Amino acid sequence: MDISTQTPLNGAHVVVFGGSSGIGLATAAAAKAKGAIVTLIGRTPAKLEAAACTIGGAQTAIADIAERKSVEAVFNGMTRVDHLVITAGGLHVGKLADSDPDQLLVEIQQRIAGAVYAIKAALPSMPPTGSIVLMGGQYSDRPPANGASITAAAVRGIEALARSLALELKPIRVNVIAPGLIDTSLFDVFGPEGRAAIFAQAAEQLPVGRAGRADEVGEAITFLLSNGYMNAEVLHIDGGGRFV
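What counts and what doesn't
Residues numbered from 1 in each chain as written. Predicted model: local features only at pLDDT ≥ 70, side-chain atom pairs only at ≥ 80, totals over all residues. Heavy atoms only, no water. Pairing = 2+ DSSP bridges. Helix = DSSP H or I, 4+ residues; strand = E, 2+ residues; numbered from the N terminus. Axes fitted to C-alpha atoms, helices over the stretch in contact; angles between N-to-C directions. Parallel < 35°, antiparallel > 145°, perpendicular 65-115°, else oblique. Left-handed = near helix turned anticlockwise from the far one by under 90°. Contact = heavy atoms within 4.5 Å. Nonpolar A, V, L, I, M, F, W, Y, C, P; charged D, E, K, R; others polar. Polar contact = N/O pair within 3.5 Å; in protein donor to acceptor, adjacent residues only side chain to side chain. Core = buried A, V, L, I, M, F, W, Y, C linked by side-chain atoms within 4.5 Å. Buried < 20%, exposed > 50% of the residue type's maximum accessible area, 1.4 Å probe, protein only. Expected span 1.5 Å × (residues − 1). Bend = angle between axes of the 7 residues up to and from the residue.

Now for the pairing of strand 3 (residues 59-62). Both strand 2 (residues 37-42) and strand 3 contribute to a ladder of 4 bridges, which runs parallel. Its bridge partner lying in strand 3, Thr 39 is registered against Gln 59.

Next up, the structure:
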């Protein structure tokens, strides 16, 4: 196969960690609409089944992104992984002075170590035309003061990891999607009042006047998967949030 030729998503196998909800599910839906074969990875069987039904059918597998053996088991028997998307990871907030560091460092385990586990396990099944998309975030450019400093460190580290792996794994492409404030259940960690305040503030401050939607990020991720010349990039989809 000519590795300089763009590989469309039609018929490609796209594996999505965190595919049972939010941005991961939106990515799976967008990829399937473009003809991809999709495998959804998550921790909760019922949520995975519901997600698969939502997009009209998909393969599913159970795994915890932070557990190496669990992640590796997903790829047993997979003969081909054309594209790997990793959106899994929570939001563990707390100011360092008031929090257990081990609880905050779960962010590093999920977002960086988990990505490393998944990439390592997927590589034997990835063709030269394959690609990987990792999850960054606006906190990389605008570190918060609300107790999400370890998340900021994790998403900044993801950018460095992706750029280095793009060179190390060539010609497999590695990119990062960096969402801003997206209306998903991820922000439920702040509680109902805190969540409402965050989105109300976004409506006032963001140049677009609102938070983003998961489907908008999902479409951006499928662009990174299907454009064969996008590599070692961080694609911001934040409504201009990193500038205000």
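Here the focus is the packing of helix 1 (residues 22-33) against helix 8 (residues 214-226). It is the contact of helix 1 with helix 8, at a shortest axis distance of 7 Å, that shows an interaxial angle of 55°. Accordingly, the angle class assigned to the pair helix 1 and helix 8 is oblique. Crossing of helix 1 against helix 8: the hand is right-handed. Between helix 1 and helix 8, the contacting residues are Gly 22, Ile 23, Ala 26, Thr 27, Ala 30 and Ala 31 on the first element and Ala 214, Asp 215, Val 217, Gly 218, Glu 219, Ile 221 and Thr 222 on the second. For the contact of helix 1 with helix 8, a count of residues per class yields 7 nonpolar, 4 polar and 2 charged.

With respect to the helices, strands and loops of the structure, Thr 87 is situated in the loop between strand 4 (83-86) and helix 4 (101-104). Among the polar contacts listed, one links the side chain of Thr 87 to the backbone oxygen of Phe 17, at a separation of 2.8 Å. At 3.4 Å, the side chain of Thr 87 forms a polar contact with the backbone oxygen of Gly 18. Thr 87 has contacts with Val 16, Phe 17, Gly 18, Ile 23, Gly 24, Met 135 and Ile 221, leaving out every residue within four places of it along the chain.

What follows is about the sheet that holds strand 2. Reading across from one edge, 3-2-1-4-5-6-7 is the order of the 7 strands in this open sheet, with parallel pairing throughout. Every other strand in the sheet has two partners, leaving strand 3 and strand 7 (234-237) as the edge strands with one partner each. For this sheet, the mean angle separating the axes of adjacent strands, direction not counted, is 20°. Where strand 6 (residues 173-179) and strand 7 come together, 4 bridges link them in parallel fashion. Opposite Ile 177, over in strand 7, you have Leu 235 as the bridge partner. Sitting on the sheet, helix 5 (residues 106-122) is in contact with strand 1 (13-17), strand 4 and strand 5 (131-135), with an inclination near 165° to strand 4.

If you look at the biggest cluster of nonpolar residues, it comprises 33 residues, and the most contacted ones within it are Phe 17, Phe 75, Leu 84, Ile 86, Ile 132 and Leu 134. Mapped onto this core, the elements with two or more residues apiece are strand 1, helix 3 (68-74), strand 4, helix 5, strand 5, helix 6 (149-168) and strand 6. With residues up to four places along the chain from it excluded, the contact list for Leu 84 reads Val 15, Phe 17, Phe 75, Ala 118, Ile 119, Ala 122, Met 126, Ser 131, Ile 132 and Val 133. Listed in part, the 27 residues of the second largest apolar core include Ala 28, Leu 40, Ala 220 and Met 230.

Before going further, it helps to examine helix 5. If you check helix 5, its first and last C-alpha atoms are 23 Å apart, about what 17 residues at 1.5 Å a residue would give, namely 24 Å. At Ala 113, helix 5 is bent by approximately 30°, the largest bend along its length. Of all the positions in helix 5, only Glu 107, Gln 110, Arg 111, Ala 113, Gly 114, Ala 115, Ala 118, Ile 119, Ala 121 and Ala 122 are classed as buried. Considering only its buried residues, helix 5 is in contact with strand 1, helix 3, strand 4, helix 4, strand 5 and helix 6.

Within the secondary structure, Leu 105 sits in the loop between helix 4 and helix 5. On the accessibility criterion, Leu 105 (42% relative accessible area) is partly exposed. For Leu 105 and Ile 150, which are 45 residues apart along the polypeptide, the C-alpha to C-alpha distance reads 6.8 Å.

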